[in-house]
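Inside the fold
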Amino acid sequence: MKICVVGVGYVGLVAALSFAKYNNDIICVDKDINKIKQLNNGIIPIFEEGLEELLNTCIKNKKISFTQDLDVAIKKSEIIFIAVGTPTNDDWSVDISQVIHVANEISKAINKYKVVVIKSTVPVGTNDKIKKIFLNNGLNDKHFDIVSNPEFLREGKALNDFLNGDRMVLGCESKRALKILEKLYRPFNTKLIFTTPQTAELIKYASNAFLATKISFINEIANLCSKVNANIETISYALGLDNRISAEFLKAGIGYGGSCFPKDTKALVSIGKEYNSSFNIIESTIEVNENQRLLPVKLVCEHYNDLNGKIISIFGLTFKPGTDDIREAPSLYIINELLKKGAKIKCYDPMVSNEIKNIYPDIIYCNNIYETVDNSSCIIICTELMEFYNMNLKELAKIMNYPMLIDGRNIIDMEKAKKSGFQCYYSIGNGSYDNN
Ligand code: UDX
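Residues numbered from 1 in each chain as written. Predicted model: local features only at pLDDT ≥ 70, side-chain atom pairs only at ≥ 80, totals over all residues. Heavy atoms only, no water.

**What to know about the overall build of the protein**
This is how it is decided: Starting at the N terminus, helices and strands are each numbered in turn, a helix being any DSSP run of H or I of at least four residues and a strand any DSSP run of E of at least two. In this description the radius of gyration comes from C-alpha coordinates, and the expected globular size is given by 2.2 Å times residues to the power 0.38. Type-normalised accessible area, obtained with a 1.4 Å probe on protein chains alone, sets the label of each residue: buried when under 20%, exposed when over 50%, and partly exposed for intermediate values. When checking whether two residues touch, look at their non-hydrogen atoms; a contact exists if any pair is within 4.5 Å. Under the convention used here, a 1.4 Å probe and the Shrake-Rupley method define accessible areas, while residue burial counts only the protein chains that appear. This count recognises Lys and Arg as positive and Asp and Glu as negative, with His and chain-terminal groups excluded. Where a charge lies is defined by one atom per residue type: Lys uses NZ, Arg uses CZ, Asp uses CG and Glu uses CD.
Assigned secondary structure in the protein consists of 19 helices and 15 strands. The C-alpha atoms of the protein give a radius of gyration of 24 Å, which matches the 22 Å a tight globule of 436 residues would have. Reported as C-alpha extents along the three principal axes, the dimensions of the protein are approximately 75 × 45 × 35 Å. When the 436 residues of the protein are sorted by exposure, 53% land in the buried category. Long-range pairs, those at least 24 residues apart, make up 71% of the contacts in the protein between residues at least 6 apart in sequence. Entry remark: accessible area of the protein is about 20100 Å², with carbon and sulfur atoms responsible for 50%. Charged side chains of the protein number 51 positive and 51 negative; the gap between the two group centres comes to 5 Å.

**Concerning the packing of helix α9 (residues 197-228) against helix α11 (residues 261-274)**
The relative placement of two packed helices is expressed as an angle between their axes plus a distance between the axes. What counts, and what does not: Angles run from 0 to 180 degrees between N-to-C directions of axes, and those axes are lines fitted to C-alpha atoms, restricted for helices to the stretch in contact. Here is the rule for handedness: rotate from the far helix to the near one, and if that takes an anticlockwise turn smaller than a right angle the crossing is left-handed, while a clockwise turn gives right-handed.
Remark: α9 packs on α11, axes separated minimally by 9 Å, with the N-to-C direction vectors making an angle of 115°. Considering the relative orientation of α9 and α11, their crossing is left-handed. Residues Leu202, Lys204, Tyr205, Asn208, Ala209, Leu211, Ala212 and Ile215 of α9 pack against Phe261, Asp264, Thr265, Ala267, Leu268 and Ile271 of α11.

**Structural notes on the domain arrangement of the protein**
Rules: As used throughout, domain bounds are those supplied by an automatic or database domain assignment. Put simply, a salt bridge is a Lys or Arg side-chain nitrogen that is within 4 Å of an Asp or Glu carboxyl oxygen. What qualifies as a polar contact is a pair of N or O atoms within 3.5 Å, subject to a donor-acceptor requirement within protein and to the restriction that residues adjacent in sequence count only when both atoms come from side chains.
When cut into domains, the protein gives domain 1 (2-195), domain 2 (204-291) and domain 3 (293-434). For domain 1 versus domain 3, the distance between C-alpha centres works out to 39 Å. Each partner contributes residues to the interface: domain 1 has six residues there, and domain 3 has eight residues. Our count for the contact surface shared by domain 1 and domain 3 stands at one salt bridge. Its salt-bridge partner being arginine 327, residue glutamate 155 comes within 3.5 Å of it at the nearest N-O pair. Across the domain 1-domain 3 interface, the total number found is five residue pairs in polar contact (both at pLDDT 80 or more).

**Observations regarding the sheet that holds strand β11 (residues 364-365)**
Operational definition: Two strands form a pair only when DSSP identifies at least two bridges running between them.
What the seven strands build is an open sheet, ordered β11-β10-β9-β12-β13-β14-β15; its pairing is mixed. The strands lining the two open edges of the sheet, one partner per strand, are β11 and β15 (432-434). As paired elements, strand β13 (residues 404-407) and strand β14 (residues 424-426) share three bridges and run parallel to each other. The partner of isoleucine 406 across the bridge, within β14, is tyrosine 426. Lying over the sheet, helix α13 (residues 295-303) contacts β9 (311-315), β12 (378-381), β13, β14 and β15, oriented at roughly 160° with respect to β13. Against the sheet, helix α14 (residues 330-340) makes contact with β9, β10 (344-348) and β12, and its axis sits at roughly 175° relative to β9, the strand it touches most.

**What about the packing of aromatic side chains?**
Here is the rule we go by: What counts as a ring pair is set by centres within 6.5 Å for rings of Phe, Tyr and Trp (its six-membered ring), and what kind of pair is set by the plane angle: stacked under 30 degrees, edge-to-face over 60, tilted for all other angles. Criterion for a charge above a ring: Arg CZ or Lys NZ at most 6 Å from the ring centre, at most 35 degrees from the ring normal.
Tallying each qualifying case throughout the model produces 14 aromatic pairs. Here the basic side chain of arginine 167 rests over the ring of phenylalanine 152, its NZ or CZ set 3.8 Å away from the ring centre.

**A look at the state of the cysteines**
Heads up, the condition is: The disulfide criterion is simple: two cysteine sulfur atoms within 2.5 Å.
The final tally for this structure, using the stated rule, is zero disulfides. Counting only cysteine sulfurs, cysteine 378 is the nearest neighbor of cysteine 424, a cysteine outside any disulfide, at a range of 7.2 Å. Judged by relative accessible area, which is 0%, cysteine 424 ranks as buried.

**Here we look at the nonpolar core**
As a rule of thumb, nonpolar side chains are buried together in soluble globular proteins. What counts, and what does not: As used in this record, nonpolar core signifies buried Ala, Val, Leu, Ile, Met, Phe, Trp, Tyr and Cys residues forming a set joined through side-chain atoms within 4.5 Å.
The biggest cluster of nonpolar side chains holds 42 residues, and the ones touching the most others in it are Phe19, Ile64 and Phe81. If one sorts the elements of this core by residue count, helix α1 (residues 10-21) sits on top with seven residues. Setting aside its immediate chain neighbours within four residues, isoleucine 64 contacts Ala16, Leu17, Ala20, Ile26, Cys28, Leu55, Cys58 and Ile59.

**Digging into the site of the ligand**
Applied cut-off: Neighbouring residues are identified by heavy atoms, a residue being near a molecule or strand if any of them is within 4 Å of it.
In the vicinity of the ligand lie 18 residues, with Phe152, Leu153, Glu155, Lys251 and Phe319 positioned nearest. Between lysine 251 and the ligand, the recorded distance is 2.8 Å, taken from a backbone N or O atom to an oxygen atom. Relative to its free-state accessible area of 660 Å², the ligand is covered by the protein chains to the extent of 91%. Examining the composition of the shell around the ligand, we find that three residues originate from one element, α9, more than from any other.

Listed below in C-alpha cells is the structure:
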C-alpha cells in the first residue's frame, strides 16, 4: 500500500519503518530539513534499538524515502498518517496547532479518496475538528475518512511494541476506511479494536494515566515502608502475583518521566476540566510524582544541613534505560534543585547528549563513574543503567569525600552498600541507614 507519514519523531518514524518492513511504500514528510537529509542517508536522529538497521534495509529496498514536499507525498498516497507533536500548554491543555496545520495542508492536497489517520496523541474531539477542516476546505466524504489510531509504544522497545503490540485501536465510523486499515495491519501480531473516534482518543489517555497512577501508588507505599521498616520490593512482588493487579509498573523509585506520562496525565486533567468531569486520582498521581522526584534532594538536605560547595554525583540522566531521551527526566529536577542549594554537580550517563549540555552548561559531565565520585559527598542513582548494578562499591566509597548513596531506583542492596564502606545509604522503601 502507498502510505505517507507526516512527522518523523519517535512515533512517526517507528510506524513508517514498520509499514515499510511489511512491503508497503512509504513517503515520510517533515519540516526539519536536517532530519530529512540524515534519514535519507540512513542515519536515525534518536537512539532506538534496531531502528537504524531497519532504515538502511528499507532504503536499500526502495521502500521508504523522506521529503519536505507534503503536496506530492499526499497525492501519491492512499493512507496518510499524522504523527506530529502535541506539546503541553502552560495550563496543561494540549497544543494541537501542528495537527491542525498539517490537516489544513493535507486537505488542500487531496486529489482523490484518502484515509487520514491521526496517530498523534490528541484530546477527545480532535477527530471531529479535523473532519470540519476538511469539509470547510471544500471536500466531502467521498474524498476522505478520518481515523483515530493512538500509539502505545515504549521508547527503547518501540519497534517491537509497534509490530507486536497488545492492541491496535482504530476509531472510525466508515467501513471503507476500516477495511483499508485492517488490510494494512493484518501482518502485525496484534489485536484490532474497532470503535468510535472519541473512544479511541480517550483509550490512550486512560491507559497512560492508569500506568502513571500505578507508579505513584507504589511510590507512596514505598515512602511508608521507609518509615515502618517494611520492604517495598517484597510488597511489589506479592502484589504482582495477584493477576488482577499484575506485576508491571509496580517498581518504586524517584518517579516517572518521559514524553508521555507527565504530558498525558496533565492533558487528561485538563480535558476533564473542559467537560466538568473531575480527575482527583490523576491530580494526586501528578502531585505524588512531582514530590517523589525531589525525594533525593530532601534526603541529602536532611543529612547535610548546608549543601553549599558540596559535590553531588548524579548517576544516570535519561528518564529510563535504553534511550537517550531526557524529557521530563527526574534527574533534571534533582539537578535543578541541588544547584539552587549551592551544590556542585558531577554527572555520568553514557547516553548523554548535547541537549542536556545546552540546558546545564556549567555542570561537570564525566566519562566514567570513578571520575564522577572524585571528592563527592553523595551519589544519587537516577537511572537504573545496567552498569550500575555491578559497580565496584568499595572502590567508589574509597574515592568519595564522604561515602553516601541514595539509590533512587532500588538496584543496590543495602547490606552490600554497608559491607563496601558506605556510611549512609537510602533507597526508596528498600532499607536505609545513616551511621552519623
Ligand atoms: C510510556 C508507555 O509505557 C507507553 O505505552 C506510551 O505509549 C508512552 O509512555 P515510555 O514513556 O517509553 O512509555 O516509558 P515507560 O517504560 O512506560 O516508563 C515511563 C516512566 O515510568 C520511566 O521514567 C520509568 O522509570 C517509570 N517507571 C516505569 C517506574 O518508575 N516504575 C515502573 O514500575 C515502571
